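Structural overview
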Amino acid sequence: MPELKISLAALALMIMAPAAQAETPYVMPGLEAPLDLSTPEEAVRTMFRAMYLGDAELVDKVFLPDAQLRRVSNTGEIRPDGLQAWRDWVGAQSPGDAVEEIFEIEVQETGQLASVWAPFVVTYKGAVVGCGVNEFVLAKADDDWRIVLAMDNAAPEGTDCTTFKATYTKN
């Protein structure tokens, strides 16, 4: 009977291996230079690098003092500032646990003020757990772009976050 258990386990591995190999996990680009505040887009990407790396101190470098992180619920409720709680959560993660991939990024900039619009898909420990749109307001201070306000809105209930990126296209 032990041989049968081993054979079933081996068969299961052979069946599952091609499926596991077909999905390549997302790897955060630019890990070799985690702090980049040279442009509004790079400052936002640095924030997500901090999340990917589980680096709360890097989060502190991206946000200005008194910055806020808010969420607009699908019912229109604006949730209270959650920056400190999110920062602490980031610091408790292992590198690669939390990945927020942003795409179709739009940046508007004038003088020392910028706005970044960034749709996203979030995976946590390899599973897609959310999607929606981020909005960031940044200010240029001492030659660095830093986040003043970050807000997000989850995709409407019923949205398939595994296909959100493919379906979120600009015409």
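The structure presented is a predicted model; accordingly, all values stated were derived computationally and were not measured.

1. Description of the state of the cysteines
- This structure, assessed with the given rule, holds 1 disulfide.
- Between the sulfur atoms of Cys131 and its disulfide partner Cys161 the distance amounts to 2.1 Å. Judged by the sign of its S-S torsion, about -70°, the bond between Cys131 and Cys161 is left-handed. Here Cys131 is found in strand E6 (residues 127-141), whereas its partner Cys161 is found in the loop between strand E7 (144-154) and helix H5 (164-167), with 30 residues between them in sequence. For the pair Cys131 and Cys161, a shared accessibility class is recorded, and that class is buried.

2. Quick look at the pairing of E6
- Where strand E5 (residues 113-124) meets E6, 12 bridges bridge the pair, whose relative direction is antiparallel. For Pro119, the partnering residue across the bridge sits in E6 and is Val133.
- Inspection of the sheet shows E6 paired to E7 by 10 bridges, in the antiparallel sense. When the sheet's bridge partners are listed, Glu135 is paired in E7 with Met151.

3. A short note on the packing of aromatic side chains
- This structure, assessed with the given rule, holds 3 aromatic pairs.
- Summarising the aromatic geometry, the rings of Phe103 and Phe164 are spaced 6.2 Å apart at their centres and angled 65° between planes, so their arrangement reads as edge-to-face. On the criterion of sequence distance, the pair formed by Phe103 in the loop between strand E3 (98-102) and strand E4 (106-110) and Phe164 in helix H5 is long-range, its members being 61 residues apart. By the burial criterion, Phe103 is buried, and Phe164 matches it.

4. What about the pattern of salt bridges?
- Tallied over the entire structure, the rule returns 7 salt bridges.
- Note that Glu77 is salt-bridged to Arg79, the shortest N-O span being 3.9 Å.
- Glu77 sits in the partly exposed class, given a relative accessible area of 44%.
- When its relative accessible area of 36% is taken as the criterion, Arg79 is described as partly exposed.
- Glu101 serves as the salt-bridge partner of Lys165, at 2.6 Å between the closest nitrogen and oxygen. Taken as a pair, Lys165 in helix H5 and Glu101 in strand E3 lie far apart in primary sequence, 64 residues in all.
- Given the relative accessible area of 39%, Lys165 is considered partly exposed.
- Residue classification places Glu101 among the buried positions, given a relative accessible area of 18%.
- Three or more residues are tied together by salt bridges with common partners; here these are Asp60, Arg87 and Asp88.

5. Observations regarding the confidence of the model for the chain
- Mean pLDDT for the chain: 84, with 78% of residues reaching 70 or above.
- Per-element confidence in the chain is highest for E4, whose mean pLDDT is 98, and lowest for helix H1 (residues 2-22), whose mean pLDDT is 37.

6. Concerning the pairing of E5
- With 5 bridges connecting them, E3 and E5 associate as antiparallel partners. From the neighbouring strand, Glu100 faces E5, where its bridge partner is Val122.
- Pairing analysis gives 5 bridges linking E4 to E5, with the strands arranged antiparallel. Among the inter-strand pairings, Glu109 is bridged to a residue of E5, identified as Ala114.

Reading the values: the criteria
- Residues numbered from 1 in each chain as written.
- Predicted model: local features only at pLDDT ≥ 70, side-chain atom pairs only at ≥ 80, totals over all residues.
- Heavy atoms only, no water.
- Disulfide = S-S within 2.5 Å.
- Helix = DSSP H or I, 4+ residues; strand = E, 2+ residues; numbered from the N terminus.
- Buried < 20%, exposed > 50% of the residue type's maximum accessible area, 1.4 Å probe, protein only.
- Pairing = 2+ DSSP bridges.
- Phe/Tyr/Trp six-rings, centres within 6.5 Å; stacked < 30°, edge-to-face > 60°.
- Salt bridge = Lys/Arg side-chain N within 4 Å of Asp/Glu carboxyl O.
- pLDDT = per-residue confidence, 0-100.

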